[in-house]
Amino acid sequence: MDTLLDLLNSRPLVNGEERDALGDPAGGRRWAREHGGEGSLAELALLRDTRDILRDVVRGETSPDALSPLLEGVHQIPEITSDGLQWTVRTPPHARLAVEVILAWAAAEKHTPGRLRPCANDECQLFLLDRSRANRARWCSMAVCGNREKARRHYERTR
Ligand SMILES: [Zn+2]
């Protein structure tokens with residue numbers, strides 16, 4: 001789940017400039033390894049594609065079936081063990097991390113629909129996953145975007 005959010009949020013705006021954590025091979029491979037990936041260039045390319053499509057899907061700009069080609073060659077294998085039936089997802093090695101992210105997104109859509117969403121600050125490119133009971137969170141971070149909005153409203157009121 002956190003890899004999903006980390007991947008979606010790997011292109012933040014910092015002082016109005018985009019910083020892509022997957023933008024250069026060294027940084028991107030490090031990112032992948034930190035999240036349990038193998039750190040290959042093929043993996044990095046797939047992670048970038050997955051991220052960019054997912055961002056559009058979560059923003060409602062692209063239909064979710066755009067993710068379908070990324071799941072090519074992925075199988076689920078049933079196995080009877082002493083604990084009963086177990087399903088194992090098999091992917092090409094370089095695709096495992098990206099597939100895990102897509103499956104995490106699908107699970108979030110199914111079990112907590114609408115809770116993964118873009119930050120309400122137009123100048124922010126991040127996403128949030130609202131785990132609160134009220135489900136009214138609007139900011140990726142109260143400390144950053146929430147306070148900025150509060151300050152803006154205060155400024156408008158007192159102007
Ligand atoms: Zn934000």
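Cut-offs and rules
- Residues numbered from 1 in each chain as written.
- Predicted model: local features only at pLDDT ≥ 70, side-chain atom pairs only at ≥ 80, totals over all residues.
- Heavy atoms only, no water.
- Helix = DSSP H or I, 4+ residues; strand = E, 2+ residues; numbered from the N terminus.
- Buried < 20%, exposed > 50% of the residue type's maximum accessible area, 1.4 Å probe, protein only.
- Contact = heavy atoms within 4.5 Å.
- pLDDT = per-residue confidence, 0-100.
- Arc of directions from axis to C-beta.
- Core = buried A, V, L, I, M, F, W, Y, C linked by side-chain atoms within 4.5 Å.

Considering the environment of L128
The topology assignment puts L128 in strand β6 (residues 127–129). Here L128 falls in the buried class, since its relative accessible area comes to 5%. Sequence separation of L128 and W139 is eleven residues, and the distance between their C-alpha atoms is 6.9 Å. Ignoring sequence-local partners within four residues, the contact set of L128 consists of L5, R115, L116, R117, P118, C119, A137, R138, W139 and C140.

Some details on the confidence of the model for the protein chain
Looking at the protein chain, pLDDT values average 93 and 99% of them are 70 or higher. For the protein chain, per-element mean pLDDT is lowest for helix α5 (residues 142–158), which scores 83, and highest for helix α3 (residues 41–58), which scores 97.

A short note on helix α2 (residues 25–34)
Among the residues making up α2, those that are buried are G27, G28, W31 and A32. Down the axis of α2, the buried side of the element spans an arc of 135°, and every buried residue falls inside it. Among the exposed residues of α2, those pointing more than 90 degrees away from its buried face are A26, R30 and E34. Those residues of α2 that are buried lie in contact with α1 (2–8), α3 and α4 (96–111). Directly after α2, the chain includes G36, whose backbone phi takes a positive value near 90°.

Details of the nonpolar core
Side chains of a nonpolar character, in soluble globular proteins, are inclined to be buried together. Among the nonpolar cores identified, the biggest contains 26 residues, and L4, L8, L47, L54, L67, W105 and L116 are the most heavily contacted of them. Within the residue set of this core, elements represented by two or more residues are α1, α2, α3, α4 and β6. If one sorts the elements of this core by residue count, α4 sits on top with seven residues. Among all residues touching L47, those that are not within four sequence positions of it are L7, L22, W31, A32, L97 and A98. Counting residues in hydrophobic clusters, the runner-up holds five residues, among them C119, L128, W139 and C145.

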